[in-house]
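# Survey of secondary and tertiary structure
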2 protein chains.
Amino acid sequence: MQHAFAVVLKDLRVSLGISQEELGFKANYHRTYISQLERGLKIPTLTTVFELAHVLKITPAEFIERVQQAFEKALSEEWTR
Amino acid sequence: MQHAFAVVLKDLRVSLGISQEELGFKANYHRTYISQLERGLKIPTLTTVFELAHVLKITPAEFIERVQQAFEKALSEEWTR
DNA sequence: GTGTAGACTTGGGTCGACA
DNA sequence: CTGTCGACCCAAGTCTACA
C-alpha cells in the first residue's frame, strides 16, 4: 500500500516533468521527504496528500483512486502467483 | 480541512447506524481516537483512511471526494461572508 | 455511548551533509 | 538530481479513567 502510493506519486511527478526538489518546494515539503515517500519509506497524512495533489494538478480523489487501483493491481498479482 | 474530514466521517458512521466504539473495533483503532477524528482534533494517515473506508463500506476515492466537497463548501462559505 | 484528560510510544516530516 | 544517514521535533495513535 505504501508501495502503491509511492509508485503513483513518482508517476505523477515524472509525467509533469518536475524534479523531487521542485515538487517538495512547491508543496512546502522537504526534498528528502519526497524521496522517502517515493521509496515507500513513509506514508503521508491526509493533509499532505491534499497538498501534493494540488501541486500535481490533480484532485485528491483522483489521486487516491489511482493509488487504489495500483494497490488492487498489486494484490491481484499476488493472488495469481 | 481537518474539520471537513471530521464531518464526513461522522456522517458516514451515523448513516451506517454504528457507534464510535463499533467503528473503532472493526477498523482496529481505539475508541477515543475515533472520537478525536470526529472532532477534528487529529488528522489521519493515508493507511488509516483506507481502513476506515473499508469498514464504512465506501471506496477510499469516494471517501476523499466527499471530504473534498465538504472542504470546498466550507471554503466557499468563507468567501461569501 | 461519547468527550476529555494525561501520559505514553511510534512514525510523519525537517534538516544538513555526503556520496 | 536523487539516495541515504543520523539527529531532531511534533503529531498520529494507544490506553486508563472519570464524568
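For clarity, every value in this text was computed on a predicted model and none was experimentally measured.

Before going further, it helps to examine the protein's contact with DNA strand C. DNA strand C sits among 20 residues. The nearest are Tyr33, Ile43 and Thr48 of chain A together with Gln20 and Arg39 of chain B. Among atoms of DNA strand C positioned within 4 Å of the protein, sugar and phosphate together represent 61%. Measuring from a phosphate oxygen of DNA strand C, one finds a backbone N or O atom of Asn28 of chain A at 3.4 Å. At a separation of 2.6 Å, a phosphate oxygen of DNA strand C approaches a polar side-chain atom of Thr48 of chain A. Secondary structure elements with two or more residues in the surface near DNA strand C: helix H3 (31-38) of chain A together with helix H2 (20-27) and helix H3 (31-38) of chain B. Counting residues per element, the surface near DNA strand C draws most heavily on H3 of chain A, which supplies 4 residues. Of the residues belonging to the surface near DNA strand C, the class tally is 4 nonpolar, 10 polar and 6 charged.

With 17 residues of chain B at the interface, the matching set in chain A holds 16 residues. Roughly 1,400 Å² of surface becomes buried between chain B and chain A when both sides are summed, with 84% attributable to carbon and sulfur atoms. Where chain B meets chain A, there are 0 salt bridges. Elements with a minimum of two residues in the side of chain B that touches chain A: helix H4 (46-55) and helix H5 (60-79) of chain B. With 7 residues, the top contributor of residues to the side of chain B that touches chain A is H5 of chain B.

On to the nonpolar core. The biggest cluster of nonpolar side chains holds 46 residues, and the ones touching the most others in it are Phe5 and Phe63 of chain A together with Phe5 and Phe63 of chain B. Residues within four places of Phe5 of chain A in sequence aside, it is in contact with Leu37, Ile43, Pro44, Val49, Leu52, Phe63 and Val67 of chain A together with Leu46 of chain B.

Here the focus is the protein's contact with DNA strand D. Gln20 and Arg39 of chain A together with Tyr33, Ile43 and Thr48 of chain B are the nearest of the 18 residues found near DNA strand D. Contact distances for DNA strand D include 3.1 Å between a phosphate oxygen and a backbone N or O atom of His30 of chain B. Listed by contribution, the elements that provide at least two residues to the surface near DNA strand D are helix H2 (20-27) and H3 of chain A together with H3 of chain B. Sort the elements by how many residues they give to the surface near DNA strand D and H3 of chain A lands first, with 3 residues.

Packed helices, taken two at a time, are described by the angle between their axes plus the distance between the axes. All names here are of chain A. Axis separation between H2 and H3 bottoms out at 8 Å; the angle between their running directions is 115°. Put simply, H2 runs roughly perpendicular to H3. As H2 runs across H3, the sense of the crossing is right-handed. Where H2 abuts H3, its residues Gln20, Glu21, Leu23 and Gly24 lie against Arg31, Ile34, Ser35 and Glu38.

How each quantity is defined
- Residues numbered from 1 in each chain as written.
- Chains lettered and ligands numbered in written order.
- Predicted model: local features only at pLDDT ≥ 70, side-chain atom pairs only at ≥ 80, totals over all residues.
- Heavy atoms only, no water.
- Near = heavy atom within 4 Å.
- Polar contact = N/O pair within 3.5 Å; in protein donor to acceptor, adjacent residues only side chain to side chain.
- Helix = DSSP H or I, 4+ residues; strand = E, 2+ residues; numbered from the N terminus.
- Nonpolar A, V, L, I, M, F, W, Y, C, P; charged D, E, K, R; others polar.
- Contact = heavy atoms within 4.5 Å.
- Buried area = accessible area lost by both parts, 1.4 Å probe.
- Salt bridge = Lys/Arg side-chain N within 4 Å of Asp/Glu carboxyl O.
- Core = buried A, V, L, I, M, F, W, Y, C linked by side-chain atoms within 4.5 Å.
- Buried < 20%, exposed > 50% of the residue type's maximum accessible area, 1.4 Å probe, protein only.
- Axes fitted to C-alpha atoms, helices over the stretch in contact; angles between N-to-C directions.
- Parallel < 35°, antiparallel > 145°, perpendicular 65-115°, else oblique.
- Left-handed = near helix turned anticlockwise from the far one by under 90°.

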